[in-house]
Amino acid sequence: MPAAAQIAAPSASAPAEPVFPGDEAGPAALLALAHAYRDAAGRLRPGKGAGPAAGAPWRLMAIQAVELYFNAVLRHAGHAPKDLRALGHDLAGRAALAQ
């Protein structure tokens, strides 16, 4: 059967909300991922005398780790993944929710 024939026809029912990869991640999984980003940031930290651009990968990993730590705390407190996604990368918004 051709590949095109294997594609299911669209359903007449209401469209389902999109599924995001992190929706099923609980606080423990988010915490483990935050630790991995923190560890990666530690390995990327530039040495003394490195130019300003050398710190960009380190900062990116560190900031991502902070966001994931916030997400772990907020998911533990009962906030839905959809609500956290709505914040984008707003760390101040996450901090406000965590208080």
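On a predicted model such as this, the values are computed, not experimentally measured, just so you know.

The rules behind these values
Residues numbered from 1 in each chain as written. Predicted model: local features only at pLDDT ≥ 70, side-chain atom pairs only at ≥ 80, totals over all residues. Heavy atoms only, no water. Helix = DSSP H or I, 4+ residues; strand = E, 2+ residues; numbered from the N terminus. Buried < 20%, exposed > 50% of the residue type's maximum accessible area, 1.4 Å probe, protein only. Contact = heavy atoms within 4.5 Å. Areas by Shrake-Rupley, 256 points an atom, 1.4 Å probe, with all protein chains shown as cover. Axes fitted to C-alpha atoms, helices over the stretch in contact; angles between N-to-C directions. Parallel < 35°, antiparallel > 145°, perpendicular 65-115°, else oblique. Left-handed = near helix turned anticlockwise from the far one by under 90°. 1 Å grid on protein atoms, 1.4 Å probe; cavity = no way out; pocket = protein on both sides within 12 Å on 5 of 7 lines; lining within 4 Å. Points joined across faces, edges and corners; volume = space filled by probe spheres on them. Nonpolar A, V, L, I, M, F, W, Y, C, P; charged D, E, K, R; others polar.

Engineer: Would you mind going over the overall build of the protein chain with me for this structure?
Structural biologist: When helices and strands are tallied, the protein chain shows four helices and zero strands. Beginning at the N terminus, the succession of helices and strands in the protein chain can be written as α-α-α-α. Counting every position in the protein chain, which comprises 99 residues, the buried fraction comes to 17%. Contacts in the protein chain between residues at least 24 apart in sequence constitute 56% of all its contacts with a sequence separation of at least 6. Surface summary for the protein chain: the accessible area is close to 7,100 Å², and the carbon and sulfur share equals 65%.

Engineer: Please explain the packing of helix α2 (residues 56-76) against helix α4 (residues 91-98) as it appears in this structure.
Structural biologist: The description of two packed helices rests on the angle between their axes and on the distance between the axes. Interaxial distance between α2 and α4 falls to 10 Å at its minimum, and their mutual angle equals 30°. By the criterion of interaxial angle, the relationship of α2 to α4 is roughly parallel. Relative to α4, the crossing made by α2 is left-handed. Mapping the contact onto sequence places I63, V66, E67, F70, N71 and L74 in α2 and L91, R94, A95, L97 and A98 in α4.

Engineer: I would appreciate a short explanation of the layout of surface pockets in the present structure.
Structural biologist: A probe as big as a water molecule, rolled over the atoms, marks out the empty space that is left. Here the largest pocket defines a volume of roughly 340 Å³. As for the largest pocket, its lining consists of 18 residues, and the residues nearest its centre are G22, L30, N71, P81 and R85. For the lining of the largest pocket, the secondary structure elements donating two or more residues are α1 (27-44), α2 and α3 (81-86). Among the elements that take part in the lining of the largest pocket, α2 stands out by supplying four residues, more than any other. Of the residues that constitute the lining of the largest pocket, the class distribution is nine nonpolar, four polar and five charged.

That's the geometry; what it means functionally is another story.
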